[in-house]
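For reference, the chains in residue letters:
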Amino acid sequence: MKRSMLRGFALAGVLVLTAAACTGGGGDGDEGNGPVTITVLDYYGEATPFSKDVIDRFEADHPDIKVKYEAGDWDTMHEKFTVRVSGGDSPDVATMDMTWIPTFASKQIFADLSDLSGGQLNGSAIEDHYQPGAIEAMTFDGHYVTMMFDFDAYGLYYRADQFEAKGIDVPTTWDEFRDAAKKLAEDTDGDGVCDKYCFEVYGNDCFHWCQLLFQAGGSILNEDNTAAAFNSPAGLKSLEFYKSFIDDGSGIYWGDAQGEPIRGIKDERLGMFLDGPYYMGLLKSGAPDLKGKWAVAPPPVDVEPGSYLGGTGLSIPVNAPHPDQAWTFIQYMLEQQQQVGVFTLAGAAPATTAALQSPELTKPDPYFGGEAPFGVFKDSMATATHFPYVEQWDPIDTDIGNMVQSVMLGKATPQEALDTYEAKVNEELAG
Amino acid sequence: MALYAALIGTSILMIGPFYWAIATSFKPSGDVFASPPKFIPNPWTLANYREVFTLLPFGRYLLNSVIVTGAIVGLNVIFDTAAAYAFAKLRFPGRNVLFFLLLITLMIPFQVNLIPLYRIMVGLHDLSPHLGIDTYSALILPGAIQVFGIFLMRQFLASIPDDILESARVDGASEFSILARIVFPIALPGMATLAIFTFLGAWNDFLWPLLVINTDSMRTLPVGLALLARRNTVNWGDTMAGTTLTAGPMIIVFLFLQRRFIEGLTAGSVKG
Amino acid sequence: MLPAYVLIAPAILSAIVFLYVPIAYSGFWSFTEYSGLGTAKWVGLANYRDLLADEDFLKALWNTVLFVLIGMGIGPVLGFLSALLLNQAVRFRAFFRAAYFLPVMTSLVVVASIWKVLLNDQGIINQIFSLFQLPTRTWLDDTTTALPAVAVTSIWQGFGFETVVFLAALQAIPRDYYDAAKVDGASYWQQVRHITLPSLRPTIMFVYIIGIIGSFQVFDQIFVMTSGGPINSTRTLVFDLFERFNQLELGQASAVAYFLLVILASLSYIQIFLFERGRR
């Protein structure tokens, strides 16, 4: 009896090992036999430019490539993407927030697109397709690590119907901005805290406050990106200005635990906020019943117009299974039709120069009262400043977000916070 | 009387949040934070549940949890008991040393193993796309045999009288058949307790599945729920539907097996 | 003899592959710089030194200690008191016991998700508080209240375990001890102090050892409710490990794991030592 049991075990063991070894060799889509499947991972959510239609058309044009689309989300990608790549489980194409590029690229996780593309995009030089600012953003260590896909610069979203009802003019200066916010906000339960049509004070990243820093004539880091430069009169002024909305009772601090701001827009707690073009799409899908009530204007100016420049890029991980086919797909997404689709499908702004000039983008939009807000973002882009392209940008972005939070939550005075975080950022840059 | 008032009061505090979660899962999104709060959803809707199954693959998450937990429980019950039998009832050189070596691993917090285990799974995945990261094997294998289970069963099996086993051996039975035909039936209550503990741990396991699964379709219920809850959803009703689905099976199992569970739990601790 | 080895082989193999080998590698990697892409580079004690100088890690350590103090300060006490209550109750004891134990059975992710909704700015807790004129806060968004809020959630989830354990232990205390004390005229609380608590010593030690080990490893609730924020005010040791893992700093993450190991081992030994001493 014992003998046979032992033999049984041994046989089972051998079978299992053989099975594992056999299934190991295959892999998907062997060279030359049958279509290759590429995995495309994005973070757009419901309103994505990678719609079924778009993908179907690609597959029809390229019978040798099949696309497996994976819907990710911004948070998870920010957190897990590098781990995924290091774990050998890479997609072929992934959307990357431009602010992640320097930090991720420094970990060597991106494929060299200059190499892969031979410098050509859809029949002409890559440089022909983009404005110089974008070209700079896509470069790391002398080569391209991403192809910019959509761009992000800020505009002022406001409740036009409330402005009209309360006789408020669209603000163009900081003083007018504060006044407008005060007139717009309502404190329905009299507790001194704004309850309705408040201005959104968002503290979790550099984007929202940094644009104010730029408008006051300041900058985040110094010329050669070796030290923090935001602890300046412009820094203090802009931080105090941002806080003043909360102190005035016209602003509401929107923290993480509150969920997405679209909630506040839907229940009308928010009446004014500064954000990027993709919010146009979010408003339409998330708050359809507020159609015709919202409008977009250029952000108010202090010393000079200023906005943060961000966006999304398409990258190929260094160990992607099918880099050549991935590049084919990326080129497809940068064709005019798909780029215009970034606007029509996701409500975001396309990144290629050609697409930016498409008349589609400036068609009257019924949601925004027949206006075409796109022009506002395009103008913003022209005067926008991009974030510093340093390896440590991701942690520095977090630090600056923490700094803003600490001031808005009343944990530190603006000057204290500036001092504390200047030290932190300098440490980050040195270490 | 005050005694029962206190007991009822605290029971409300314990059950209240669950009730609130279930109630909220049936509220339309606008009512989630209605003021004054609606203790009974009115109007009520199944929209959240529908969304949770269509927008997110909650059905898939449920299936994955069932498969993974089932496998872990099954494997543990069989292999833990088998090893426990050997340690409890068989004499062999190195028995005490080996058992001790197993026992001391209980002292190590599992976070110490996390990263290397992850890399092992990465390596397995390179070997074969059916093993390692993003597969059931990564979720099942590390937890398939648990030292705590062996320990538990050994305590239990130690009390089986040796003569039953002796007489079976005298009759010519192999250890394997003794295990299968005599020990397993007697050990059933212990194995049931083991099954419950293992079920609890495996169903609610979070950090490891979070780490080792990247593809949404392979995620387990707790991970799917956590990502939903963390994603700053617009509609908290969805999240509450998710919690109801995740906690539901566990609570139902618990309500039926309460006594056995608590007995198993407290048996070791009271003796001290 | 051979059958014995066959029977324990799967367990031994599993322990080697999934426990011993990882523990060893973890230790090795804690002395290296390793991103998972490429090879590990030896750096000696650098990770350990850097961690002790790293604000984020130190904050994580501090937050975790705070969390454990709050949780283990309140939890077992609640558990003990509720066990006393249950012990007195004759009717429906099983029902009440089930009520206390219910949260213990549910996944921390479920509990955290539910409490995230309860603690929302517009959530029911704030609504009830404002009804009773109590201060309402943005519980999870405020650096002073975030950690306590998570701690309260965890206490709510876990004290039922202590209740059940204490209850079983209470029921094992012989009645005559109490009867004798009552004859001597001892009040209820005096009985508790002089009979109940001493008899419960081993149980108390068990509860604290298990509880402290568990609390130090807190992660699930942090991930769901606050992601370590705001401004690192809820960053705990295991969450810190997780973050470093995500940043592909596997060497540092391994060092954090070993810190945790050392802390837990020391605490367990200290507790056992104190208990043995106290026994005399």
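Computed from a predicted model, the values in this text were never measured in an experiment.

### Looking at the overall build of chain A
- Helices and strands together make up the secondary structure of chain A, namely 18 helices and 16 strands.
- Computed over its C-alpha atoms, the radius of gyration of chain A comes to 25 Å, within 12% of the 22 Å expected for a compact globule of 431 residues.
- Dimensions of chain A along its principal axes, counting C-alpha atoms only, are 85 × 50 × 50 Å.
- Taken across its 431 residues, chain A has 56% of its residues classed as buried.
- Contacts in chain A between residues at least 24 apart in sequence constitute 75% of all its contacts with a sequence separation of at least 6.

### Notes on the domain arrangement of chain A
All names here are of chain A.
- With domains assigned, chain A is organised as domain 1 (11-152 + 311-373) and domain 2 (155-308 + 392-430).
- Summarising the inter-unit geometry, the C-alpha centres of domain 1 and domain 2 are found 31 Å apart.
- The interface of domain 1 with domain 2 comprises 18 residues on the first partner and 24 residues on the second.
- Buried area between domain 1 and domain 2, summed over both chains or domains, comes out near 1700 Å², and the portion from carbon and sulfur atoms is 63%.
- When the area that domain 1 buries against domain 2 is broken down by residue, the three leading residues are Asp152, Tyr367 and Phe368, summing to 43%.
- Applying the counting criterion to the domain 1 and domain 2 interface returns one salt bridge.

### Things to note about the state of the cysteines
Residues and elements named next belong to chain A.
- Following the criterion strictly, the structure yields two disulfides over all chains and no others.
- With a sulfur-sulfur separation of 2.0 Å, Cys194 is cross-linked through a disulfide to Cys198. The sign of the -100 degrees torsion about the S-S bond sets the Cys194-Cys198 disulfide as left-handed.
- One disulfide bridge connects Cys206 with Cys210, the sulfur atoms lying 1.8 Å from each other. Negative torsions about the S-S bond denote left-handed disulfides, and the value of about -95 degrees found for Cys206 with Cys210 makes this one left-handed. Here the residue Cys206 and the residue Cys210 both occupy positions in helix α9 (residues 206-215), the gap between them amounting to four residues, near one helical turn. An identical accessibility class is assigned to Cys206 and Cys210; each is buried.
- Should the bonded cysteines of chain A be numbered as they appear in the sequence, the pairing reads 1-2, 3-4.

### Some points on the pattern of salt bridges
- One pass over the structure, following the stated rule, counts 26 salt bridges over all chains.
- In this structure, the salt-bridge partner of Asp267 of chain A is Arg269 of chain A, at a minimum N-O distance of 3.4 Å.
- Residue classification places Asp267 of chain A among the partly exposed positions, given a relative accessible area of 30%.
- Here Glu360 of chain A ties to Lys363 of chain A by a salt bridge, and the two come within 3.1 Å at their closest N and O atoms.
- Take Glu360 of chain A: its relative accessible area is 31%, and that puts it in the partly exposed class.
- Lys363 of chain A gets classed as partly exposed once you look at its relative accessible area, which sits at 47%.
- Sharing partners across several salt bridges, the network here consists of Asp54, Arg235, Asp240, Glu243 and Arg244 of chain C.

### Things to note about the sheet that holds strand β11 (residues 251-254) of chain A
Residue and element names in this part refer to chain A.
- The five strands lie next to each other as β11-β10-β12-β9-β13, forming an open sheet whose pairing is mixed. Only two strands of the sheet have a single partner each, and these edge strands are β11 and β13 (294-297). Here the strands of the sheet are splayed against their neighbours by 30 degrees on average, with no regard to which way each runs.
- Looking at chain direction, strand β10 (residues 198-202) and strand β12 (residues 270-275) are connected through two bridges and run parallel.

### Some words on the interface of chain C and chain A
- The interface of chain C with chain A comprises 24 residues on the first partner and 26 residues on the second.
- Between chain C and chain A, a total of about 2000 Å² is buried, with carbon and sulfur atoms accounting for 56% of that surface.
- Looking only at chain C, the three residues that lose the most surface to chain A are Leu37, Asp141 and Ile231 of chain C, adding up to 29% of its buried area.
- Along the contact surface separating chain C from chain A lie two salt bridges.
- Our enumeration of links across chain C and chain A arrives at seven residue pairs in polar contact (both at pLDDT 80 or more).
- At four residues, the largest contribution of residues to the side of chain C that touches chain A is made by helix α12 (residues 237-246) of chain C.
- Considered class by class, the residues forming the side of chain C that touches chain A number eleven nonpolar, eight polar and five charged.

### Some remarks on the interface of chain C and chain B
- Between chain C and chain B, the contact holds 82 residues from the first and 87 residues from the second.
- Taken over both partners, the interface formed by chain C and chain B buries close to 7600 Å², and the fraction arising from carbon and sulfur atoms is 81%.
- Among the residues of chain C in contact with chain B, Leu7, Phe18 and Met105 of chain C are the three that bury the most area, contributing 10% of the side total.
- Linking chain C with chain B are zero salt bridges.
- Examining the composition of the side of chain C that touches chain B, we find that 20 residues originate from one element, helix α1 (residues 2-29) of chain C, more than from any other.
- Residue classes in the side of chain C that touches chain B are distributed as 64 nonpolar, 14 polar and four charged.

### Topic: the packing of helix α17 (residues 393-408) of chain A against helix α18 (residues 414-430) of chain A
Residues and elements named next belong to chain A.
- Close contact between α17 and α18 brings their axes to 9 Å; oriented N to C, the two are set at 170 degrees. Between α17 and α18, the angle falls in the class roughly antiparallel. α18 is crossed by α17, and the crossing has right-handed handedness. Contacts from Pro395, Ile396, Asp399, Asn402, Met403, Ser406 and Val407 of α17 reach α18 at Pro414, Ala417, Leu418, Tyr421, Lys424, Val425, Glu428 and Leu429.
- Taken together, the residues of the contact of α17 with α18 break down into ten nonpolar, two polar and three charged.

### Remarks on the nonpolar core
- Ranked by internal contacts, the top residues of the largest apolar core, which has 174 residues, are Tyr85, Ile150 and Val212 of chain B together with Phe219 and Phe223 of chain C.
- It is helix α9 (residues 175-204) of chain B that contributes the most residues to this core, 15 residues altogether.
- Discounting residues that sit within four places of it in the chain, Phe223 of chain C has contacts with Glu79 of chain A, Phe206, Leu210, Ala226, Leu227 and Arg230 of chain B together with Phe239 and Phe242 of chain C.
- Counting 139 residues, the second largest nonpolar core, distinct from the first, contains Phe110, Phe163, Phe245 and Ala295 of chain A.

The rules behind these values
- Residues numbered from 1 in each chain as written.
- Chains lettered and ligands numbered in written order.
- Predicted model: local features only at pLDDT ≥ 70, side-chain atom pairs only at ≥ 80, totals over all residues.
- Heavy atoms only, no water.
- Helix = DSSP H or I, 4+ residues; strand = E, 2+ residues; numbered from the N terminus.
- Rg over C-alpha atoms; globule rule 2.2 N^0.38 Å.
- Buried < 20%, exposed > 50% of the residue type's maximum accessible area, 1.4 Å probe, protein only.
- Contact = heavy atoms within 4.5 Å.
- Domains from an automatic or database assignment.
- Buried area = accessible area lost by both parts, 1.4 Å probe.
- Salt bridge = Lys/Arg side-chain N within 4 Å of Asp/Glu carboxyl O.
- Disulfide = S-S within 2.5 Å.
- Pairing = 2+ DSSP bridges.
- Axes fitted to C-alpha atoms, helices over the stretch in contact; angles between N-to-C directions.
- Polar contact = N/O pair within 3.5 Å; in protein donor to acceptor, adjacent residues only side chain to side chain.
- Nonpolar A, V, L, I, M, F, W, Y, C, P; charged D, E, K, R; others polar.
- Parallel < 35°, antiparallel > 145°, perpendicular 65-115°, else oblique.
- Left-handed = near helix turned anticlockwise from the far one by under 90°.
- Core = buried A, V, L, I, M, F, W, Y, C linked by side-chain atoms within 4.5 Å.

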